Amino acid sequence: MATNNIELIGIVISDRKQGESSKILSVFTDKLGKVSIYGKGLMNPKSGLLASGSMFSKTKFLLQKGQNFYYIKEAHLLDSFYDIRTDFNTIVAVSFMAELLDRSFLEGIKNYKVFLLFEKALELSKSKKNLKALRLAFALKFMAYIGYKPNLKDCLVCHSKKNLRYFSAANGGFLCEDDIKLLDTENLKNSLIINDDIIKILQDFMFLTFEDIIGKKYDINFLAKTETVILNYISENLDINKFYSLSLEG
Ligand SMILES: [Zn+2]
């Protein structure tokens, strides 16, 4: 009995064609975090693996560990998320989440909480409700789960909850009117002006469930500003400055 076989559940977060009919898949899994799977002949309809090798598909795999890749011994498709791939706005939302995972995770770093978060967000994206809020809430919760939880409760310096005026990406939280002067100019450059509406949205995204978030109405302009704050925070901490998935939005 080979010991390098493992059974797990994985969701495809990126794929790369290899030759005529093969693919290298980047798959986010419950047990191993991100893994690379070499899907030999995957795109051949006769392989029976076509659906499992498609973006966002959720599959129960039996994998065999090779030198550089995992190989598929068995695959049982759990959900192809077919509906997701037929709606443009949904594609943008889930592609953004997948790209964030793919670009920030190294192979073999396990994080079951992140897997569950992603699985849940994918599931809820089927409703096509509040997709921008969903993907931004995913991003903020994701940052917290991988160790970059910003303080969204009060001023980083004096802990006042009033007159919060800036979000400092470098320091991971709000600064009140009085304490902004304590920042050196380098940090100031990475601070964004915020208001109470943006603070409220950020707090919702961090502390409410996805279900509650997609059930709410958000002002489109404040949501756009909140996006800037979150992307700036990601850029500061993970060094991802541009998301290819968001350029789809045009
Ligand atoms: Zn303060």
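This one's a predicted model, so the numbers in the text were calculated from it and none came from an experiment.

**So, the packing of aromatic side chains**
As enumerated under the stated definition, the model contains eleven aromatic pairs in all. When the ring of phenylalanine 28 is compared with that of phenylalanine 105, the centres are 5.0 Å apart and the planes differ by 85°; the resulting orientation is edge-to-face. Taken together, the residues phenylalanine 28 in strand 2 (residues 22-29) and phenylalanine 105 in the loop between helix 1 (88-104) and helix 2 (112-125) connect sequence positions 77 residues apart. Phenylalanine 105 carries the same exposure label as phenylalanine 28, and that label is buried. Here the guanidinium or amino end of arginine 103 rests over the ring plane of phenylalanine 243, the centre of that ring lying 5.9 Å away. Here the basic side chain of arginine 135 rests over the ring of phenylalanine 96, its NZ or CZ set 5.2 Å away from the ring centre.

**Section: the coordination of the zinc ion**
Around the zinc ion, the protein contributes the donor atoms Cys155 (SG), Cys158 (SG), Cys176 (SG) and Asp179 (OD), which lie 1.9 to 2.3 Å from the metal centre. Of note is the zinc ion, whose four donor atoms meet at the metal with angles of 103 to 118° in an arrangement that counts as tetrahedral. Spacing between the donor residues of the zinc ion along their common chain follows C-x2-C-x17-C-x2-D. Taken as a pair, cysteine 155 in strand 6 (residues 151-155) and cysteine 176 in strand 8 (residues 173-176) lie far apart in primary sequence, 21 residues in all. Across this residue pair, the class does not change: cysteine 155 and cysteine 176 are buried.

Cut-offs applied
All residue numbers here refer to positions counted from 1 along the written sequence of the relevant chain. Restriction of local features to residues with pLDDT of at least 70 applies here, the model being predicted, together with a cutoff of 80 or more for giving and counting side-chain atom pairs; totals for whole chains, interfaces and linings are based on all residues. Side-chain metrics in this entry use all non-hydrogen atoms of the structure; hydrogen atoms and water are not considered. Aromatic rings from Phe, Tyr and Trp, taking only the six-membered ring of Trp, are treated as a pair when their centres fall within 6.5 Å; an angle between ring planes under 30 degrees marks them as stacked, one over 60 as edge-to-face, and anything in between as tilted. Secondary structure elements are taken from DSSP: a helix is a run of H or I of four residues or more, a strand is a run of E of two residues or more, and numbering for both begins at the N terminus. Only protein chains enter the calculation, and the probe is 1.4 Å; a residue is then buried if its accessible area is under 20% of its type maximum, exposed if over 50%, and partly exposed in between. As a reminder, the over-ring test applies to NZ of lysine and CZ of arginine, requiring each to be within 6 Å of the ring centre and within 35 degrees of the ring normal. Distances define the donors: N, O and S atoms within 2.8 Å of the metal qualify, as do those within 3.2 Å of Na, K or Ca. Water is excluded, so some sites may look unfinished. Any coordination sphere not matching a tetrahedral pattern (four donors, all angles between 85 and 135 degrees) or a square planar or octahedral pattern (four or six donors, opposite donors over 155 degrees apart, other angles between 65 and 115) is reported as irregular.

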